[in-house]
Amino acid sequence: MTETAAPSAHAPSVSVPPAAAEAPSAARPPHVPEKFWDARAGAVRLEALLKSYLELEKRLGAASPPVAPPAAARLPETAEGYCIACDHGLFGPDPEINARLHAAGFTPDQAQLLYDLAAERLVPLLGEMAAEFQAERELDRLVARFGGPEGWAAVSQQILAWAGRNLPAPVVAALAGTADGVLALHRMMTGAEPAALPGGGTGAGDAADLHRMVGDPRYWRDRDPGFIAQVTEGFRRAYGS
């Protein structure tokens, strides 16, 4: 029978560390509330934090219902819902343009702004382009009448010099704005004008009327088509075609 050896008095002893000797958890940061801190894991309790946030969001949403935007900030149901104001009288709302604005998601305020900008910027620009085009046509007519650019350059200087000496400045400026007016000045310069016109209407009635009409703002400022036609016809009667 085998005997069990007794432990030696000199054998080293093995000590087992108690549970209390385990490594301590991380300390809770000061800015983290205690209810959201897991002391055992040394970390934030994300589930508790998320639950608290969702409850807070729900309470705030119930207390402050969403406010509907004003009518001017909402897209109308159809393009016919736009109420475009065109008090300037230059043009009116266009159904096709409104349909395209509606398809692009323009609110009533945005659509009105687009129309306002068109009246403010585009219409004057188109007017200037039309005036420049008309001026070029008038100039081409004069160049052709006097035999080309060189002939027109010489005659135009003579006309301006003569008109400056014999006619009031407003009359010269008014007549020089159209080809018919320049041709009338040329005929007057070459001796076809009535004696009353340069002096300001002291002779024949037709000449006095023409003198008054070319000084009328409807002719030199407003460029009224009907009034210009009357003046042009008057010059044609007085000086020939």
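Coordinates for the structure precede this section.
Attention in this report is confined to the structure presented alongside it. In this text the structure is predicted, and so the values were computed from the model without any measurement.

## Regarding the side chain of Thr178
- Structurally, the position occupied by Thr178 is in the loop between helix H5 (169–175) and helix H6 (179–192).
- Judged by relative accessible area, Thr178 falls into the buried class, the value being 14%.
- A distance of 3.0 Å separates a polar atom in the side chain of Thr178 from the backbone nitrogen of Gly181.
- Aside from chain neighbours lying at most four places away, what touches Thr178 is Glu138, Tyr219 and Arg223.

## Focus: the side chain of Gln112
- Note on placement: Gln112 falls in helix H3 (residues 108–145).
- Residue class for Gln112 comes out buried when judged on its relative accessible area of 16%.
- Not counting residues up to four positions away in its chain, the partners in contact with Gln112 are Cys83, Ile84 and Ala85.

## Some details on helix H2 (residues 95–103)
- Residues Asn98, Leu101 and His102 constitute the buried set of H2. Projected down its long axis, H2 shows its buried positions confined to an angular sector of 100°, all on one face. Residues Glu96, Arg100 and Ala103 are exposed on H2 and point more than 90 degrees away from its buried face.
- Contact partners of the buried residues in H2: H3.

## Regarding a negative patch on the surface
- Taken together, the side chains of Glu128, Glu132, Glu136 and Asp140 present a region of like negative charge at the surface.
- A relative accessible area of 48% places Glu128 in the partly exposed class.

Procedures and definitions
Residues numbered from 1 in each chain as written. Predicted model: local features only at pLDDT ≥ 70, side-chain atom pairs only at ≥ 80, totals over all residues. Heavy atoms only, no water. Helix = DSSP H or I, 4+ residues; strand = E, 2+ residues; numbered from the N terminus. Buried < 20%, exposed > 50% of the residue type's maximum accessible area, 1.4 Å probe, protein only. Polar contact = N/O pair within 3.5 Å; in protein donor to acceptor, adjacent residues only side chain to side chain. Contact = heavy atoms within 4.5 Å. Arc of directions from axis to C-beta. Patch = residues over 30% accessible without salt bridge, like charges linked within 9 Å, V, L, I, M, F, W, Y side chains within 5 Å. Areas by Shrake-Rupley, 256 points an atom, 1.4 Å probe, with all protein chains shown as cover. Salt bridge = Lys/Arg side-chain N within 4 Å of Asp/Glu carboxyl O. Lys, Arg positive; Asp, Glu negative; His and termini not counted. Charge placed at Lys NZ, Arg CZ, Asp CG, Glu CD.

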